[in-house]
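Listed below are the residues making up each chain.
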Amino acid sequence: MSEAVKISDSTIARYNIDGTAFIGQACREAPAADFADLPYEVRVSDAVEWFSSSNGRWSKAHIRRTAAALRQRVELLIAMDYFDQRTGDRLLFALEHQRPSPAQKRAKKGYAKSIKPSDLRRLIAYFKIRDDEFSKWITGYILIASRIGWRPGELFLISRNDQFLRAPAEKHSNGRGLFPICEIDISSYPSKIIRDLDEWIVQTRALVDASCIGRVLSRMNRRIETACKSLGVNPISAYTLRHFAIACMKASGFSPAEIAVIVNHAASRTATERYGKKRSGIRRAKKMLRFDEKRLEQVRDNARPFSPALKLSGPAFG
C-alpha cells in the first residue's frame, strides 16, 4: 500500500479482519510453530514468513489481498514501535517483492453436485468395512457432513461444547458468513452417536495436527473419488456432501432463513439458488438440527420461495 494511495475506512476494516484471520490460519497450519507462547509481533513476523514461503496454495487475488492486509498490520506495529525499522523494512519488502507463487489452475474433474441417497449409503458402506483408520474416519466425515452441511474447512476444526457443535466459520470476513462461529444444537441425538462423534473429533484433531488441512482434504477427496469409481457412482467431492445436506434440509421443511442459520449463510437466498434441490434430498426429523432462534434475526431475508412441497418417502439413512 503506497502512501500515495488512499483507501477507504471500510477497506481498512476489511484488511484488519483478513489480517487477523490469516494470522490465525498461520497459527493453526504453520509447521512446528508454537504461536501460543510467542509475543504478538513475533506471531505477525512468522505469519509473514510463512505466507511468503507457501507457494502454490492460493490464487493471485487472494495473495494480493492477504499481502495488503498483512502490510497494514506490519505498518501498524512499526508505528507502535513493536518492530524496529530494519525488521519492519524486511517484512514490508517480503510482502511487496517476495510473495508466494499462485496456485496453478487445474481442470475441473467434473464432480457431481448431488448424490442419490442410495449411492451415499453404498459409499458409507464402502468405507465402513475397510480396516484402515483413515477409511473409518472418512465414514464419520461423510455421515456428519451430509447432515449438517458445513464446509470441509469448518468440519476439520469442529468441537463439541455440551449440546452444541461449533467451528470457526469460513468466508465470514467477506460478508457471506452469518457469524464467525458455526453452531448447531445436537441435544436430540442419542448418547451413543454423541460418543462416536467425540471420538471422530479427536481423530480429526490428530489428522490436522499431523498435516495441514489442505493435504487431509485432498487425500480424502482422492479416496472418495476412488470409491465412487469402484462403486460405479458419479464422482463426488467433500463439497458435494454440503449440497446433499442442504437438499435434505429443504426436503425436511426448513425455511430458507433456517437453512442459512444452520450452514452459516448471511443471506437466505444463497441456499435457495446455489445448492442442492429439494428433490435430491431426503426428509429427516427437524428436531435433529436445532439452533438458537435468535440467529434468525441476523439473516438477510432475500430468498425466493421454494417450490411446492414434494412428497418424499423413506427414512434417513444411518
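Since the model is a prediction, treat every value here as computed from it, not as a measurement. (Residues numbered from 1 in each chain as written. Predicted model: local features only at pLDDT ≥ 70, side-chain atom pairs only at ≥ 80, totals over all residues. Heavy atoms only, no water.)

Caption draft 1: Here's a closer look at the overall build of the protein chain. Along the backbone of the protein chain there are 12 helices and three strands. The buried share of the protein chain, taken over its 318 residues, is 46%. Summed over all atoms, the accessible surface of the protein chain reaches about 17,300 Å², with 51% contributed by carbon and sulfur. (Helix = DSSP H or I, 4+ residues; strand = E, 2+ residues; numbered from the N terminus. Buried < 20%, exposed > 50% of the residue type's maximum accessible area, 1.4 Å probe, protein only. Areas by Shrake-Rupley, 256 points an atom, 1.4 Å probe, with all protein chains shown as cover.)

Caption draft 2: Layout of a nonpolar patch on the surface. Side chains of Leu76, Met80 and Tyr82 sit close together on the surface and give an oily, nonpolar patch of about 310 Å² of accessible area. Mapping leucine 76 onto the fold places it in helix 3 (residues 60-79). On the basis of relative accessibility, which here comes to 46%, the residue leucine 76 falls in the partly exposed class. (Patch = residues over 30% accessible without salt bridge, like charges linked within 9 Å, V, L, I, M, F, W, Y side chains within 5 Å. Salt bridge = Lys/Arg side-chain N within 4 Å of Asp/Glu carboxyl O.)

Caption draft 3: Representation of the confidence of the model for the protein chain within the structure. Mean pLDDT over the protein chain: 85, with 88% of residues reaching 70 or higher. The spread of mean pLDDT over the elements of the protein chain runs between helix 12 (residues 269-274), the lowest at 76, and helix 6 (residues 133-148), the highest at 96. (pLDDT = per-residue confidence, 0-100.)

Caption draft 4: Representation of the sheet that holds strand 1 (residues 159-161) within the structure. Taken in spatial order, the three strands line up as 1-2-3 in an open sheet, and their pairing is antiparallel. Two strands bound the open sheet, and with one partner strand each, they are strand 1 and strand 3 (181-185). With direction set aside, neighbouring strand axes in the sheet form an average angle of 30°. Alignment of strand 1 against strand 2 (residues 164-168), held across three bridges, turns out to be antiparallel. Counterpart to arginine 160 in the pairing with strand 2 is leucine 165. Across the sheet, helix 8 (residues 191-210) touches strand 1 and strand 2, and the angle it forms with strand 1 is around 135°. (Pairing = 2+ DSSP bridges. Axes fitted to C-alpha atoms, helices over the stretch in contact; angles between N-to-C directions. Contact = heavy atoms within 4.5 Å.)

Caption draft 5: Up close: the nonpolar core. Ranked by internal contacts, the top residues of the largest apolar core, which has 63 residues, are Leu123, Trp137, Tyr141, Trp150, Ile158, Leu165 and Met220. Listing elements by their share of this core, those giving two or more residues are helix 5 (117-128), helix 6, strand 2, strand 3, helix 8, helix 9 (213-231), helix 10 (238-251) and helix 11 (256-263). Of the residues forming this core, the biggest block, eight residues, is contributed by helix 6. Filtering out sequence-adjacent residues up to four positions away, leucine 165 remains in contact with Ile148, Trp150, Ile158, Ser159, Arg160, Cys182, Glu183, Ile184, Ile186, Leu197 and Ile201. The next biggest cluster of nonpolar side chains, apart from the first, holds 20 residues, and it includes Ala26, Trp50, Phe51 and Val74. (Core = buried A, V, L, I, M, F, W, Y, C linked by side-chain atoms within 4.5 Å.)

Caption draft 6: Layout of helix 10. For helix 10, spanning 14 residues, the distance from its first C-alpha to its last is 21 Å, which sits close to the expected 20 Å at 1.5 Å a residue. Where helix 10 terminates, the next one or two residues include glycine 253, which has phi positive at roughly 95°. (Expected span 1.5 Å × (residues − 1).)

Caption draft 7: Region of interest: the pairing of strand 2. Connecting strand 1 to the antiparallel partner strand 2 that follows it, the hairpin turn spans two residues, and aspartate 162 within it adopts a positive phi of roughly 55°. Pairing of strand 2 with strand 3 involves five bridges; the strand directions are antiparallel. Each residue of the ladder has a partner; that of alanine 167, found in strand 3, is cysteine 182.

Caption draft 8: Up close: the pattern of salt bridges. Applying the stated rule across the entire model yields 10 salt bridges. Close ionic contact of arginine 71 with glutamate 75 constitutes a salt bridge, the shortest N to O distance being 3.1 Å. Of this pair, arginine 71 and glutamate 75 both sit in helix 3, four residues apart, which is roughly one turn of that helix. Residue glutamate 75 is classed as partly exposed on the basis of its relative accessible area of 29%. One salt bridge in this structure joins arginine 223 and aspartate 132, with 3.2 Å as the shortest N-O distance. Of the two residues, arginine 223 is situated in helix 9 and aspartate 132 in the loop between helix 5 and helix 6; the sequence distance between them amounts to 91 residues. Residue arginine 223 is classed as partly exposed on the basis of its relative accessible area of 28%.

Caption draft 9: Representation of the environment of histidine 172. Here histidine 172 is to be found in the loop between strand 2 and strand 3. You can call histidine 172 partly exposed: its relative accessible area is 29%. Considering only alpha carbons, one finds histidine 172 and histidine 265, 93 residues apart in sequence, at a separation of 8.8 Å. If sequence neighbours within four positions are ignored, histidine 172 has contacts with Gly177, Leu178, Phe179 and Pro180.

Caption draft 10: Up close: the packing of helix 2 (residues 40-53) against helix 3. Contact pair helix 2 / helix 3: the axes reach a minimum separation of 11 Å and the direction vectors enclose 155°. By the angle class used here, helix 2 and helix 3 are roughly antiparallel. Here helix 2 and helix 3 pass one another in a crossing that is left-handed. Facing Tyr40, Glu41, Val44, Val48 and Phe51 of helix 2, the residues of helix 3 in contact are Ile63, Thr66, Ala67, Leu70, Arg73, Val74 and Leu77. In terms of residue class, the contact of helix 2 with helix 3 is built from nine nonpolar, one polar and two charged. (Parallel < 35°, antiparallel > 145°, perpendicular 65-115°, else oblique. Left-handed = near helix turned anticlockwise from the far one by under 90°. Nonpolar A, V, L, I, M, F, W, Y, C, P; charged D, E, K, R; others polar.)

Caption draft 11: Summary view of helix 11. Counting buried positions along helix 11 gives eight out of eight residues, so the element sits mostly inside the fold. When helix 11 is considered as a whole, its buried residues turn out to be Pro256, Ala257, Glu258, Ile259, Ala260, Val261, Ile262 and Val263. Where helix 11 is buried, its residues meet helix 6, strand 3, helix 10 and helix 12. Phi for asparagine 264, located one or two positions after helix 11, is positive at around 65°.

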